[in-house]
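Chain by chain, the residues run as shown.
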Amino acid sequence: MRHTTFTAAAAMAVILVATGCSTSTIDTTRTTAIQPAAKDVATSDLAQGKAQFRDANYGLAEQHFRKAVELKADNAEAWMGLAAAYDELGRFDFADRAYNQLLKVAGRKPQIVNNMGYSQLLRGNRKKAKALLLEAKAGMADPTVVNANLALLNKG
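Student: When you look at helix α7 (residues 126-139) in this model, what are you seeing that I'm missing?
Tutor: One full turn of an α-helix is made of 3.6 residues, so residues set three or four places apart face in the same direction. In a regular helix each residue adds 1.5 Å, so 14 residues correspond to 20 Å; α7 covers 20 Å between its end C-alpha atoms and thus fits that length. Inspection of α7 places Ala129, Leu132, Leu133 and Ala136 among the buried residues, and these make up the whole buried set. Buried residues in α7, looked at end-on, bunch into an arc of 100°, giving them a common side. Seen from the buried face of α7, the exposed residues on the opposite side, beyond 90 degrees, are Lys127 and Ala138. Here the buried face of α7 lies against α6 (110-123) and α8 (144-155).

Put into structure tokens, the structure is as follows:
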């Protein structure tokens, strides 16, 4: 009986060696790390936010704009998009925060004041909307957009 166990073990060892079961077959192929994305992630989220906003997907736009400002806090365009998305979602409390941050980043520019005026128009604050829109109009070379917002204000 002892001889059979030894013979079976010896046969198994021969089979393992013959079939190549050894540590010498470890794959030594060199690999490289994945290279970082060529484009700035914040820029990609900004582009996605704009696309979603154009398609009236304001919730998705908000997510992308928010990620863009989280990645690059001085991105005025992303703050503007975020504020506008919050306006369209009726989240005026968050829109105000985004506009305040935008003013810190970019200053009080006519385009920003126009959007702030439109935000007030959406809320039904006609007096405040008119004051902001007139301020924006005074600073713009081409007041076409502001005039359209003023026309909306005068309709209501």
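Student: It is not clear to me how the packing of aromatic side chains should be interpreted in this structure. Could you clarify?
Tutor: Given two aromatic rings, their pairing is described by the distance between the two centres and the angle made by the two planes. All chains considered together, the criterion is met by two aromatic pairs. Taken together, a centroid distance of 5.0 Å and an interplanar angle of 70° make the contact between Phe53 and Tyr58 edge-to-face. Relative accessible area serves as the criterion here: at 26%, Phe53 is assigned to the partly exposed category.

Student: Just checking my understanding: could you explain the pattern of salt bridges for this structure?
Tutor: Pairs can form between side chains of opposite charge whenever their charged atoms are close. Counted by the stated rule, this structure contains seven salt bridges. One salt bridge in this structure joins Arg66 and Glu62, with 2.6 Å as the shortest N-O distance. With Arg66 and Glu62 both in helix α3 (residues 58-71) and four residues apart, the pair spans about one turn of that helix. Given the relative accessible area of 9%, Glu62 is considered buried. Residues Asp93 and Arg91 are paired through a salt bridge, measuring 3.1 Å at the closest nitrogen-oxygen approach. The exposure class of Arg91 is partly exposed, given its relative accessible area of 36%.

Student: What am I meant to see in α3 here?
Tutor: Over its 14 residues, α3 extends 20 Å from the first C-alpha to the last, a length consistent with the 20 Å expected when each residue adds 1.5 Å. Taken residue by residue, α3 has Ala61, Glu62, Phe65, Ala68 and Val69 as its buried positions. For α3, the angular spread of the buried residues around the axis is 130°, confining them to a single face.

Student: Mind showing me how you'd approach the side chain of Glu62 here?
Tutor: One polar contact links Glu62 to Arg66, side chain to side chain, over a distance of 2.6 Å. Excluding anything up to four places from it in sequence, Glu62 contacts Leu82, Ala85, Tyr86 and Leu89.

Student: So what exactly am I meant to see when it comes to the nonpolar core here?
Tutor: Where a protein is soluble and globular, its nonpolar side chains tend to be buried together. If you look at the biggest cluster of nonpolar residues, it comprises 28 residues, and the most contacted ones within it are Phe65, Trp79, Leu82, Ala98, Tyr99, Leu102 and Val146. For this core, the secondary structure elements donating two or more residues are α3, α4 (76-89), α5 (92-106), α6, α7 and α8. Per-element accounting of this core gives the leading share, seven residues, to α4. Beyond its immediate sequence surroundings of up to four residues, Trp79 is in contact with Val69, Ala73, Ala98, Gln101, Leu102 and Val105.

Student: Is there a simple way to think about unusual backbone geometry in this case?
Tutor: Leaving glycine aside, a negative phi is the common case for residues, and trans is the common case for peptide bonds. With phi around 65°, Ala56 is a residue other than glycine that occupies positive phi space. One can find Ala56 in the loop between α2 (41-54) and α3. For Ala56, a relative accessible area of 42% translates into the label partly exposed.

Student: What is the right way to look at the packing of α7 against α8 in this model?
Tutor: Helix packing geometry: the angle between the two helix axes and the distance between the axes. At their nearest, the axes of α7 and α8 sit 10 Å apart, and the two run at 160° to each other. On the basis of the axis angle, α7 is roughly antiparallel to α8. α8 is crossed by α7, and the crossing has left-handed handedness. Counted together, Arg126, Ala129, Lys130, Leu133, Leu134, Ala136 and Lys137 of α7 and Val146, Asn147, Asn149, Leu150 and Leu153 of α8 form the full contact between these two elements. Grouping the amino acids of the contact of α7 with α8 by side-chain chemistry returns seven nonpolar, two polar and three charged.

Cut-offs used in this document
- Residues numbered from 1 in each chain as written.
- Predicted model: local features only at pLDDT ≥ 70, side-chain atom pairs only at ≥ 80, totals over all residues.
- Heavy atoms only, no water.
- Helix = DSSP H or I, 4+ residues; strand = E, 2+ residues; numbered from the N terminus.
- Expected span 1.5 Å × (residues − 1).
- Buried < 20%, exposed > 50% of the residue type's maximum accessible area, 1.4 Å probe, protein only.
- Arc of directions from axis to C-beta.
- Contact = heavy atoms within 4.5 Å.
- Phe/Tyr/Trp six-rings, centres within 6.5 Å; stacked < 30°, edge-to-face > 60°.
- Salt bridge = Lys/Arg side-chain N within 4 Å of Asp/Glu carboxyl O.
- Polar contact = N/O pair within 3.5 Å; in protein donor to acceptor, adjacent residues only side chain to side chain.
- Core = buried A, V, L, I, M, F, W, Y, C linked by side-chain atoms within 4.5 Å.
- Axes fitted to C-alpha atoms, helices over the stretch in contact; angles between N-to-C directions.
- Parallel < 35°, antiparallel > 145°, perpendicular 65-115°, else oblique.
- Left-handed = near helix turned anticlockwise from the far one by under 90°.
- Nonpolar A, V, L, I, M, F, W, Y, C, P; charged D, E, K, R; others polar.

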